[in-house]
Amino acid sequence: MVDESFDLVIRLGELESSSLMAKKLTTRKQVVCASPAYIEQEGMPFTLKELHEHNCLRGANEYWRFIDQDEIVHIPVKGSISCNIGLSLLDAALKGLGVTQLPDCYVAEYIEDKTLVPLLDKYQAPEGDIWALYPYNRYLSPKVRKLIDFLADKL
């Protein structure tokens, strides 16, 4: 980051030790969900093994993260759509094309209005942190400080 002259980077999850300064912006959780139409047609998965029987709309990762018997597990998923754009996966899930795992900020309003149904809640992975990282500098530029404050407020 410093070698390439970046003023700020955003990281998800646990941070490795470094000489960078870090500010926690917020937390997020991943939610597995599907539309009522998909569930009516294909059934609802009740266990992690049952995900193999479903069309999983996945992002950049070939696995989804869960907790099973107090351990974090990575379950490989496959499906007809693989896309690293969360809004596209959300759209596909809303159209009944499959099951997806997305951050709560994408799906909360749809779960609330019952357009999407949360699945596998008992296996819900812990929340992950979202961090702003920037080089240690007593004189952090005002534009970077304002951006960090804005992100912390809006996220």
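Notes on the structure follow. Because the structure is predicted, anything quoted here is derived from the model rather than measured. (Residues numbered from 1 in each chain as written. Predicted model: local features only at pLDDT ≥ 70, side-chain atom pairs only at ≥ 80, totals over all residues. Heavy atoms only, no water.)

## Side note on the sheet that holds strand β2 (residues 21-28)
Phase 1: Strands sit in the order β1-β9-β2 across an open sheet of three strands; the sheet is antiparallel. Strand pairing shows two members of the sheet lacking a second neighbour, β1 (9-12) and β2, which therefore form its edges. The sheet shows a mean angle of 25° between the axes of neighbouring strands, direction not considered.
Phase 2: Note: β2 against strand β9 (residues 128-134), seven bridges, orientation antiparallel. Residue pairing for β9: alanine 22 is matched across the bridge by leucine 133.
Phase 3: Where helix α4 (residues 142-154) meets the sheet, it contacts β1, β2 and β9, and its direction lies at approximately 20° from that of β2. (Pairing = 2+ DSSP bridges. Helix = DSSP H or I, 4+ residues; strand = E, 2+ residues; numbered from the N terminus. Axes fitted to C-alpha atoms, helices over the stretch in contact; angles between N-to-C directions. Contact = heavy atoms within 4.5 Å.)

## Some details on the environment of glycine 86
Phase 1: For glycine 86, the position within the fold is in helix α2 (residues 86-94).
Phase 2: For the pair glycine 86 and glutamine 101, spaced 15 residues apart in sequence, the C-alpha to C-alpha distance is 9.3 Å.
Phase 3: When sequence neighbours within four positions are dropped, the list of residues in contact with glycine 86 reads Leu102 and Tyr106.

## Digging into the nonpolar core
Phase 1: Formed by 15 residues in total, the largest nonpolar core has its most connected members in Val32, Leu51, Trp64, Phe66, Val99, Leu119 and Leu120.
Phase 2: Contributing elements (two or more residues each) for this core: β3 (30-34), α1 (36-42) and β5 (63-68).
Phase 3: Leucine 120 has contacts with Val32, Pro45, Phe46, Thr47, Leu48, Leu51 and Phe66, leaving out every residue within four places of it along the chain. (Core = buried A, V, L, I, M, F, W, Y, C linked by side-chain atoms within 4.5 Å. Buried < 20%, exposed > 50% of the residue type's maximum accessible area, 1.4 Å probe, protein only.)

## Concerning the sheet that holds strand β8 (residues 117-119)
Phase 1: Strand order in the open sheet made by the four strands is β4-β7-β3-β8, with mixed pairing throughout. Of all the strands in the sheet, the pair left with one neighbour each is β4 (56-57) and β8.
Phase 2: Relative to strand β7 (residues 99-103), β4 runs parallel, the two being bridged by two bridges. Looking at the pairing, cysteine 56 lines up with valine 99 of β7.
Phase 3: Where α2 meets the sheet, it contacts β4 and β7, and its direction lies at approximately 140° from that of β7.
Phase 4: Here helix α3 (residues 104-112) sits on the sheet and contacts β3, β7 and β8; the angle it forms with β7, its principal contact strand, is near 115°.

## With respect to the side chain of histidine 54
Phase 1: Looking at where histidine 54 falls in the secondary structure, it is placed in the loop between α1 and β4.
Phase 2: A residue is classified by how much of its surface remains accessible, and histidine 54, at 7% relative accessible area, is buried.
Phase 3: At 2.9 Å, the side chain of histidine 54 forms a polar contact with the side chain of tyrosine 38.
Phase 4: Contact partners of histidine 54, with chain neighbours within four places excluded, come to Tyr38, Glu42, Gly43, Met44, Pro45, Lys78 and Val99. (Polar contact = N/O pair within 3.5 Å; in protein donor to acceptor, adjacent residues only side chain to side chain.)

## Section: the pattern of salt bridges
Phase 1: Summed over all chains, the structure comprises three salt bridges.
Phase 2: The salt bridge involving aspartate 91 is made with lysine 95; its shortest N-O contact spans 2.9 Å.
Phase 3: On the accessibility criterion, lysine 95 (59% relative accessible area) is exposed.
Phase 4: Across the salt bridge formed by arginine 145 and aspartate 149, the nearest N and O atoms sit 3.6 Å from each other. Residue arginine 145 and its partner aspartate 149 are located together in helix α4, separated by four residues, close to a single helical turn. (Salt bridge = Lys/Arg side-chain N within 4 Å of Asp/Glu carboxyl O.)

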